[in-house]
Amino acid sequence: EKGGWSSFMAKEIAEDPEAVANTLRGRLVDGLPSLGELGSLDDDALRGIDRVQIVACGTAAYSALVGKYAMEAWARIPVEVDLAHEYRYRDPIVDERTLVISISQSGETMDTKMAVQHAIAQGARTLSICNTQGSTIARASEAVLYTHAGPEVAVASTKAFLAQVVALLLTGLHLGRVRGAMADDAIREVTEALEELPEQLRTLLADQDEIRELAQWMSDTRSVLFLGRHVGYPVALEGALKLKELSYIHAEGFAAGELKHGPIALIEPGQVVFVVVPSPRHQQGLHAKVVSNIQEIRARGARVIAVAEAGDSAVLPYANQVLRIPLTLPLLEPVLSVVPLHVFALELATAKGLDVDQPRNLAKSVTVE
Ligand code: F6R
């Protein structure tokens, strides 16, 4: 039931805070991850693996990319991300020391299921991150971590994406702890930030008028680009996917560092570019690099909409508009920065009079290869 909402998608975005809270519920004890539900994938088993491969499709694959950054940082284990339909056909190097994590909201995506089966046949350990209880992929895997985001009816995935990212962050912390790569204090710093997310999402969602106005103003736009860096890169990909899916306009996401290697040729006066700006507290000066990307595209006439942390004033002189997100740890930022992009896609499709819950040519779960 849609309740009072104009669409399931609008309702499901409004459920973001609850979805994230539900993914965390019962999985933190004294500030440390507690994932006893992984059964035979116990601490010994997790100490025995030497690589992680994450397989998924679409939005779920973008959550996987965020997971890669976090897991490598926290657990210091090599993590590869594959689109599930590419994985099996490239004869991946996988054995009993490989942990293959599949991510699927529906748990019924055929491509992802086949990738899991391939991994099992090679002797890999398998964990699935699913939203739908008892789904095929959940049952096929050795262990399952349910996201508990609640049913997602709109074809475009929103709250499930946030929940997938949070489940991957939990898994990364758990691996970091079990494998001795991360001290308890460092883990607690992250889990404290995780626990703040639901309230921060509530604050963020309370004021979406600016994005609605922006979308209405842009309803005739024919192309939108999205740039991001580090964990903002998958957010840019997700923003572009959602926009093309719902409003049928050309949208593309790039890693900001890639701009000068080609995509900058697309910039002409009036081109709208969303830039997911990393926090100034990010290591390695990524914030300054992205601000300089913004300067470069502004100089060529782009119209820049920055998604930036509250208080980040460095973007103000260069961005045409700044959408603010609350402060969190850099690796947790996607959970917040993706929200304005989801809302933007919803509002632009709405402004164009399209059916946001049932975009043309798409099905909620893709059960054929
Ligand atoms: C995008 C979208 C799709 C799904 C993809 C995987 O909004 O919904 O890209 O993310 O088809 O679906 P699941 O997660 O059910 O395996």
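Since we're looking at a predicted model, the values are computed, not measured.

Structural notes on the sheet that holds strand β8 (residues 223-228)
At step 1: Strand order in the open sheet formed by 5 strands is β9-β8-β10-β11-β12, and the pairing between neighbours is parallel. This sheet does not close on itself; its edge strands, each paired only once, are β9 (250-255) and β12 (321-325). Sheet twist, expressed as the mean angle between neighbouring strand axes with direction ignored, is 20°.
At step 2: Lying over the sheet, helix α11 (residues 232-247) contacts β8, β9 and β10 (272-276), oriented at roughly 175° with respect to β9.
At step 3: Against the sheet, helix α13 (residues 333-351) makes contact with β8, β10, β11 (303-309) and β12, and its axis sits at roughly 130° relative to β12, the strand it touches most.

Regarding the sheet that holds strand β3 (residues 51-56)
At step 1: Pairing within the open sheet is parallel, and its 5 strands lie in the order β4-β3-β5-β6-β7. Sheet topology places β4 (79-83) and β7 (143-146) at the edges, where each strand pairs with a single neighbour. Mean inter-strand twist for the sheet, computed between neighbouring axes without regard to direction, equals 20°.
At step 2: Sheet topology note: the β3/β4 ladder contains 5 bridges and is parallel. When the bridges of β4 are listed, Ile-54 appears paired with Val-81.
At step 3: With respect to the sheet, helix α4 (residues 58-75) is in contact with β3, β4 and β5 (98-104), its orientation differing from that of β4 by roughly 175°.
At step 4: Relative to β5, helix α8 (residues 159-178) is tilted by about 160°, and along the sheet it contacts β3, β5, β6 (125-130) and β7.

Regarding the pattern of salt bridges
At step 1: The final tally for this structure, using the stated rule, is 19 salt bridges.
At step 2: A salt bridge links Glu-199 to Arg-202; the shortest N-O distance between them is 2.8 Å. Of this pair, Glu-199 and Arg-202 both sit in helix α9 (residues 184-206), 3 residues apart, which is roughly one turn of the helix.
At step 3: Residue classification places Arg-202 among the partly exposed positions, given a relative accessible area of 41%.
At step 4: Notably, a salt bridge pairs Glu-238 with Lys-242, separated by 2.9 Å at the nearest N-O pair. In this pair, Glu-238 and Lys-242 both sit in helix α11, 4 residues apart, roughly one turn of the helix. We note that Glu-238, like Lys-242, is buried.

Some remarks on the site of the ligand
At step 1: Near the ligand there are 14 residues, and of these Ser-104, Gln-105, Ser-106, Thr-109 and Lys-242 occur at the shortest range.
At step 2: In this structure, an oxygen atom belonging to the ligand sits 3.0 Å away from a main-chain N or O atom of Ser-157.
At step 3: Taking Lys-242, its side chain carries an N or O atom lying 2.7 Å from an oxygen atom of the ligand.
At step 4: For the ligand, whose accessible area on its own is 400 Å², the fraction buried by protein is 90%.

Quick word on the packing of aromatic side chains
Any two aromatic rings considered together are summarised by their centre-to-centre distance and by the angle between their planes.
At step 1: All chains considered together, the criterion is met by 2 aromatic pairs.
At step 2: Seen in terms of ring centroids, Phe-226 and Phe-274 are 5.1 Å apart; in terms of plane orientation they differ by 15°. Their pairing is stacked. Taken together, the positions of Phe-226 in strand β8 and Phe-274 in strand β10 put the pair 48 residues apart, joining distant regions of the chain.
At step 3: Judged by relative accessible area, Phe-226 falls into the buried class, the value being 1%.
At step 4: Judged by centre distance (4.7 Å) and plane angle (55°), the rings of Phe-274 and Phe-344 are tilted.

Some thoughts on the layout of surface pockets
At step 1: Roughly 550 Å³ of volume is contained in the largest pocket.
At step 2: Looking at the largest pocket, it is lined by 26 residues, and the ones nearest its centre are Cys-57, Gly-58, Thr-59, Lys-364 and Val-366.
At step 3: If you list the elements that add at least two residues to the lining of the largest pocket, you get α4, β5, α6 (110-121) and α11.
At step 4: Of the residues belonging to the lining of the largest pocket, the class tally is 9 nonpolar, 11 polar and 6 charged.
At step 5: Estimates place the volume of the second largest pocket at around 430 Å³.

So, empty space enclosed by the protein
Leftover empty space is mapped by rolling, across the atoms, a probe with the size of a water molecule.
At step 1: Overall, the coordinates contain 2 cavities of 30 Å³ or more when judged by the stated rule.
At step 2: Here the largest cavity defines a volume of roughly 40 Å³.
At step 3: Lining the largest cavity are Val-231, Gly-232, Val-276, Val-277, Val-307, Ile-325, Glu-333, Pro-334 and Ser-337.
At step 4: Sort the elements by how many residues they give to the lining of the largest cavity and α13 lands first, with 3 residues.
At step 5: Residues of the lining of the largest cavity, tallied by class, amount to 6 nonpolar, 2 polar and 1 charged.
At step 6: Considered as a void within the structure, the second largest cavity measures approximately 30 Å³ in volume.

Conventions adopted
Residues numbered from 1 in each chain as written. Predicted model: local features only at pLDDT ≥ 70, side-chain atom pairs only at ≥ 80, totals over all residues. Heavy atoms only, no water. Pairing = 2+ DSSP bridges. Helix = DSSP H or I, 4+ residues; strand = E, 2+ residues; numbered from the N terminus. Axes fitted to C-alpha atoms, helices over the stretch in contact; angles between N-to-C directions. Contact = heavy atoms within 4.5 Å. Salt bridge = Lys/Arg side-chain N within 4 Å of Asp/Glu carboxyl O. Buried < 20%, exposed > 50% of the residue type's maximum accessible area, 1.4 Å probe, protein only. Near = heavy atom within 4 Å. Polar contact = N/O pair within 3.5 Å; in protein donor to acceptor, adjacent residues only side chain to side chain. Areas by Shrake-Rupley, 256 points an atom, 1.4 Å probe, with all protein chains shown as cover. Phe/Tyr/Trp six-rings, centres within 6.5 Å; stacked < 30°, edge-to-face > 60°. 1 Å grid on protein atoms, 1.4 Å probe; cavity = no way out; pocket = protein on both sides within 12 Å on 5 of 7 lines; lining within 4 Å. Points joined across faces, edges and corners; volume = space filled by probe spheres on them. Nonpolar A, V, L, I, M, F, W, Y, C, P; charged D, E, K, R; others polar.

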